[in-house]
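Report on the structure
Residues per chain, in single letters:
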Amino acid sequence: ALISLIQTHTMAHDIACAGDVTKFPIRTIAINKPRKYVTELIGSVAELPAEAAEFILQCFVFDPRTNGRGPIIQPIFAIAEDHLCLSSLLVAFNDFDRNFFKLLHRSPLLLPFSASIDSQKEPTALRHLVKLFPDAEYALKDCVPIPGLTDADLLVYERSTGFALVIQHKWITAPETPDESSSNDESLQKGVRQAIAARDYLRSNEGRIRQVLKLSSTTSIIARIECVTICRGLENTSFMEPSDVPVVTERVFEGLLEQAEDL
């Protein structure tokens with residue numbers, strides 16, 4: 001909704017100056033409107049009730065105590081006489097996912113919802129990955145327990161080749177500090193260790209694969225079992241230990257899957 005408002009506002013300025021940058025009305029390029037007007041406009045564009053639009057607006061109005069000293073994650077500014085100001089630069093180039101998850105753990109308004117929302121991240125990501133594997137070509141199961149070790153976020157079996165793939169998923173948020181970078185490395189390394197543990201267990205217990213995927217013991221051949229760690233966001237440092245397990249983003253994995261003949 002914010003981007004829609006910004007683009008419309010900017011286009012109006014382009015039309016007003018008829019392409020002559022020397023006549024560009026720079027004094028009005030930032031949207032500056034009464035708070036009530038902005039709330040109603042965002043609610044209308046996003047098709048949200050007024051109460052929800054007002055709550056979201058409160059969350060994203062800049063507060064230095066919440067935002068901290070890093071990149072601006074609250075791109076709306078309260079100015080004189082209860083007006084709100086939107087900068088096209090701060091909105092247009094925002095990483096909204098990143099900013100939201102940062103804000104989720106900082107804003108007093110959002111903290112009560114943080115645990116619930118965090119718990120939905122992995123299921124959301126797995127629902128997206130599952131769509132990449134049509135039933136006619138693959139058998140798959142999510143959240144497969146590996147006794148005493150971990151669980152496989154997604155187990156995929158390719159019917160045509162007998163190739164089984166263990167997928168571990170990590171949702172990474174872009175870091176602002178060295179500590180956050182280090183934490184991302186630890187999360188990815190944990191994903192690698194979990195993938196290896198699940199792979200090695202299933203290599204020595206093929207019956208477990210047949211059981212959870214309901215594969216026929218007579219017609220389904222398990223020719224090979226490998227693993228991969230897939231990330232939504234790959235914001236690690238360059239100090240991660242090398243691993244035989246691929247660590248790739250969702251986008252890269254989808255691109256490879258589209259181009260390859262098989263797993």
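As a reminder, the structure under discussion sits directly above these lines.
Scope of this entry: the structure provided in the associated data block. (Residues numbered from 1 in each chain as written. Predicted model: local features only at pLDDT ≥ 70, side-chain atom pairs only at ≥ 80, totals over all residues. Heavy atoms only, no water.)

**Quick notes on a nonpolar patch on the surface**
Nonpolar side chains collect at one region of the surface, where Leu48, Phe55, Ile56, Leu109 and Phe113 lie side by side and expose about 370 Å² of accessible area between them. Residue placement: Phe113 occurs in helix H7 (residues 111-119). (Patch = residues over 30% accessible without salt bridge, like charges linked within 9 Å, V, L, I, M, F, W, Y side chains within 5 Å. Areas by Shrake-Rupley, 256 points an atom, 1.4 Å probe, with all protein chains shown as cover. Salt bridge = Lys/Arg side-chain N within 4 Å of Asp/Glu carboxyl O. Helix = DSSP H or I, 4+ residues; strand = E, 2+ residues; numbered from the N terminus.)

**What about unusual backbone geometry?**
Its identity is not glycine, yet Glu81 carries a phi of approximately 60°, on the positive side. One non-glycine residue, Lys214, adopts positive backbone phi at about 55°. The topology assignment puts Lys214 in the loop between helix H10 (206-213) and strand E7 (224-232). Overall, the relative accessible area of 72% leaves Lys214 in the exposed class. (Buried < 20%, exposed > 50% of the residue type's maximum accessible area, 1.4 Å probe, protein only.)

**Quick word on the sheet that holds strand E8 (residues 247-249)**
Strand order in this open sheet of five strands is E4-E5-E6-E7-E8, and the pairing throughout is mixed. A strand with exactly one partner marks an edge of an open sheet, and here the two such strands are strand E4 (138-146) and E8. Between one strand and the next, the sheet's axes are offset by a mean angle of 30°, whatever the strand orientation. Here strand E5 (residues 150-158) runs beside strand E6 (residues 163-171); their pairing, made up of five bridges, is antiparallel. (Pairing = 2+ DSSP bridges. Axes fitted to C-alpha atoms, helices over the stretch in contact; angles between N-to-C directions.)

**Some thoughts on the nonpolar core**
Across soluble globular proteins, nonpolar side chains show a tendency to be buried alongside one another. One finds Leu2, Ile42, Leu57, Ile76, Leu84, Leu86 and Leu103 to be the most contacted residues of the largest nonpolar core, which totals 21 residues. Mapped onto this core, the elements with two or more residues apiece are helix H1 (2-16), helix H2 (35-46), helix H3 (50-60), strand E3 (83-86) and helix H6 (96-104). Apart from residues no more than four positions distant in its own chain, Ile42 is found in contact with Ala1, Leu2, Leu5, Glu47 and Leu57. Val144, Ile146, Leu155 and Cys227 belong to the second largest nonpolar core, which has 20 residues in total. (Core = buried A, V, L, I, M, F, W, Y, C linked by side-chain atoms within 4.5 Å. Contact = heavy atoms within 4.5 Å.)

**Considerations on the sheet that holds E3**
Paired through their backbone hydrogen bonds, the strands of a sheet run either parallel or antiparallel. Taking strand neighbours across the sheet as the criterion, the three strands line up as E1-E3-E2 in an open arrangement whose pairing is antiparallel. The open sheet has two free edges, formed respectively by strand E1 (31-34) and strand E2 (76-79), since each of these has just one partner strand. When strand polarity is set aside, the average angle formed by the axes of neighbouring strands in this sheet is 30°. With four bridges connecting them, E2 and E3 associate as antiparallel partners. Directly across from Ile76, in E3, lies its bridge partner Leu86. Across the sheet, H2 is in contact with E1 and E3; its angle to E1 comes to roughly 105°.

**So, the pattern of salt bridges**
One pass over the structure, following the stated rule, counts seven salt bridges. With a shortest N-O distance of 3.5 Å, Arg35 and Glu54 are connected by a salt bridge. Pair noted here: Arg35 is in helix H2 and Glu54 is in helix H3, with a separation of 19 residues, a long-range link. With its nearest N and O atoms 3.1 Å apart, the salt bridge here joins Arg224 to Glu226. Here the salt bridges share partners, and the residues they tie into one network are Arg203, Arg224 and Glu226.

**Notes on the environment of Gln189**
Relative to the helices and strands, Gln189 is located in helix H9 (residues 178-204). The class of Gln189 is partly exposed, set by a relative accessible area of 24%. Sequence separation between Gln189 and Ser243 is 54 residues; the distance between their C-alpha atoms is 9.0 Å.

**Topic: the packing of H6 against H7**
One can describe the packing of H6 onto H7 by two numbers: an axis separation of 9 Å at closest approach and a directional angle of 120°. When the axes of H6 and H7 are compared, the pair comes out oblique. Residues Phe100, Phe101 and Leu104 of H6 touch H7, and the partners they reach there are Leu111, Phe113, Ser114, Ile117 and Asp118. Its residues placed into classes, the contact of H6 with H7 shows six nonpolar, one polar and one charged. (Parallel < 35°, antiparallel > 145°, perpendicular 65-115°, else oblique. Nonpolar A, V, L, I, M, F, W, Y, C, P; charged D, E, K, R; others polar.)

**Some thoughts on the pairing of E6**
Counting buried positions along E6 yields nine of nine residues, so the element is predominantly enclosed. Of the two faces of E6, the one holding Phe163, Leu165, Ile167, His169 and Trp171 and the one holding Ala164, Val166, Gln168 and Lys170 are both buried throughout. Linking two consecutive strands that pair antiparallel, namely E5 and E6, is a turn of four residues; a positive phi of about 75° is found at Gly162 within it. The pairing of E6 with E7 spans nine bridges and is classified as parallel. The residue bridging Ala164 from the neighbouring strand is Ile225, located in E7.

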